[in-house]
Amino acid sequence: MQKSKRISPRWGLWLRGLDEWLVIFQKVSGLALALYLIGHVLAVSAALGFGHNVTQQQWNAIIFGVLEKPHIGPVSVGALLEYLVGVLLVIHGANGFRLILMQWFGIGLPKPSRHTFPRATPSPSAAAQRAYKYAVVIVTIVFIILATYDVFGALLGW
Amino acid sequence: MMVAKSTLMKWHYITGLIMIVVVGIHIAYRWPSYDASVSWPAVESQIGMAWYDIVLLIIIYAASYHAMNGLRTIMLELFHGGKAFTTFVDVLVIALGLLVVIVGTYTVVSIIPL
Ligand code: HEM
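Note that the coordinates shown come from a computational prediction; the quantities given were computed from them, not determined experimentally.

Draft legend 1. Structural context of the overall build of chain B. When its secondary structure is counted, chain B shows five helices and zero strands. Over its C-alpha trace chain B gives a radius of gyration of 17 Å, far above what one expects of a compact globule, namely 13 Å for 114 residues. Principal axes of the C-alpha set define a box for chain B whose edges measure 50 × 25 × 25 Å. With 114 residues in all, chain B has 43% of them scored as buried. In chain B, the share of contacts with a sequence separation of at least 24, taken over all contacts with a separation of at least 6, comes to 67%. Distance from the positive charge centre (5 side chains) to the negative charge centre (5 side chains) of chain B: 17 Å.

Draft legend 2. Summary view of the site of the ligand. Among the 27 residues in the neighbourhood of the ligand, the closest are listed as Lys27(A), Gly30(A), His92(A), Gln103(A) and His66(B). The ligand sits at a junction of chains, with neighbouring residues supplied by chains A and B. Gln103(A) places a side-chain nitrogen or oxygen 2.9 Å from an oxygen atom of the ligand. Per-element accounting of the shell around the ligand gives the leading share, eight residues, to helix α4 (residues 77-104) of chain A. By residue class, the composition of the shell around the ligand is 15 nonpolar, 11 polar and one charged.

Draft legend 3. Structural view of the coordination of the iron atom of the ligand. For the iron atom of the ligand, every protein donor is listed as His92(A) (NE2) and His66(B) (NE2), and the spread of their distances is 2.0 to 2.1 Å. Considering all six donor atoms around the iron atom of the ligand, the spread of angles at the metal, 86 to 179°, places the coordination shape in the octahedral class. Taken as a pair, His92(A) in helix α4 and His66(B) in helix α4 (residues 50-78) lie in two separate chains rather than in one. The same class applies to His92(A) and to His66(B), which are both buried.

Draft legend 4. Just the interface of chain A and chain B, in detail. Contact residues are listed per partner, giving 34 residues for chain A and 36 residues for chain B. The contact between chain A and chain B buries some 3,100 Å² in all, and 77% of this surface belongs to carbon and sulfur atoms. Sorting the residues of chain A by area buried against chain B places Leu37(A), Trp104(A) and Asp150(A) first, and these three jointly supply 18% of that buried surface. Along the contact surface separating chain A from chain B lie one salt bridge. Measuring nitrogen to oxygen at the nearest pair gives 3.0 Å for the salt bridge that ties Glu77(B) to Lys27(A). Summed over the shared surface of chain A and chain B, the result is nine residue pairs in polar contact (both at pLDDT 80 or more). Elements that contribute at least two residues to the side of chain A that touches chain B include exactly α2 (18-47), α3 (56-67), α4 and α5 (126-152) of chain A. Looking at the side of chain A that touches chain B element by element, the count peaks at nine residues for α2(A).

Parameters at a glance
- Residues numbered from 1 in each chain as written.
- Chains lettered and ligands numbered in written order.
- Predicted model: local features only at pLDDT ≥ 70, side-chain atom pairs only at ≥ 80, totals over all residues.
- Heavy atoms only, no water.
- Helix = DSSP H or I, 4+ residues; strand = E, 2+ residues; numbered from the N terminus.
- Rg over C-alpha atoms; globule rule 2.2 N^0.38 Å.
- Buried < 20%, exposed > 50% of the residue type's maximum accessible area, 1.4 Å probe, protein only.
- Contact = heavy atoms within 4.5 Å.
- Lys, Arg positive; Asp, Glu negative; His and termini not counted.
- Charge placed at Lys NZ, Arg CZ, Asp CG, Glu CD.
- Near = heavy atom within 4 Å.
- Polar contact = N/O pair within 3.5 Å; in protein donor to acceptor, adjacent residues only side chain to side chain.
- Nonpolar A, V, L, I, M, F, W, Y, C, P; charged D, E, K, R; others polar.
- Donors = N, O, S within 2.8 Å, 3.2 Å for Na, K, Ca; no water.
- Tetrahedral: all angles 85-135°; square planar, octahedral: opposite > 155°, others 65-115°.
- Buried area = accessible area lost by both parts, 1.4 Å probe.
- Salt bridge = Lys/Arg side-chain N within 4 Å of Asp/Glu carboxyl O.

Right under this line is the structure:
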């Protein structure tokens, strides 16, 4: 039997192109968003007195007294983090939609067919794959522009 | 109770699609000024609308399932344990998911003007 050499994973293999980045990004952003979800629901529920102390005092005490209190210059660290979460969310959501269209509905993938040798299985259309990925990038850029205005617009005097 | 991985992923995709709509609404309400949208008068008017509270409930359920199933996938991919480890991860994500669902539901249901 032929001896096969084991090749250990190399980062260079992963960091090759947009595809590889999107795989890693989907998982890292998913993890960050999942942890954020837990903190966000607990914090906002507390700020609303868990529905039993729905007052301005309670809201301001938690939101502005704790979460948005630390500032770097005029910028609230809390608002800055929300901005970053928004950016993670939109890349995750746009790329997630791409993955759903491909992995669940098979859009942009060749029809499954019997595997024959050699290489008779059609490969995914490169053009369709590129269109998908550029759509993700464009949605992200548009969102970042809107979100920057939304969070920092007043501060920057726009 | 065993649930097929393909069933778990089908629901991962369904909740993802649902979230594009409901999380989209939640984010759209931060427009045109994030700061103004989280000030008390704005928040009071947002939670005072029954339909918006229902959107919040849908986010809580869809996001908890999606996030906890995702967390489970990530942990099982990163650490290759045996059956006991899988059970541990299952219990952990179900507990975290229930925490979010119970606290979130309790708060929103106490507020919703119905
Ligand atoms: C906005 C709409 C969203 C869509 C369309 C979406 C879609 C997806 C898709 C398609 C995947 C990859 C699944 C796979 O093929 O393995 C994924 C992974 C993940 N998502 Fe989302 N997602 C959304 C929002 C969220 C939110 C808000 C959270 C957290 C609260 C989240 C948490 C995760 C996690 C932790 C993973 C990693 C699981 C894995 O790699 O399999 N997602 N999402």
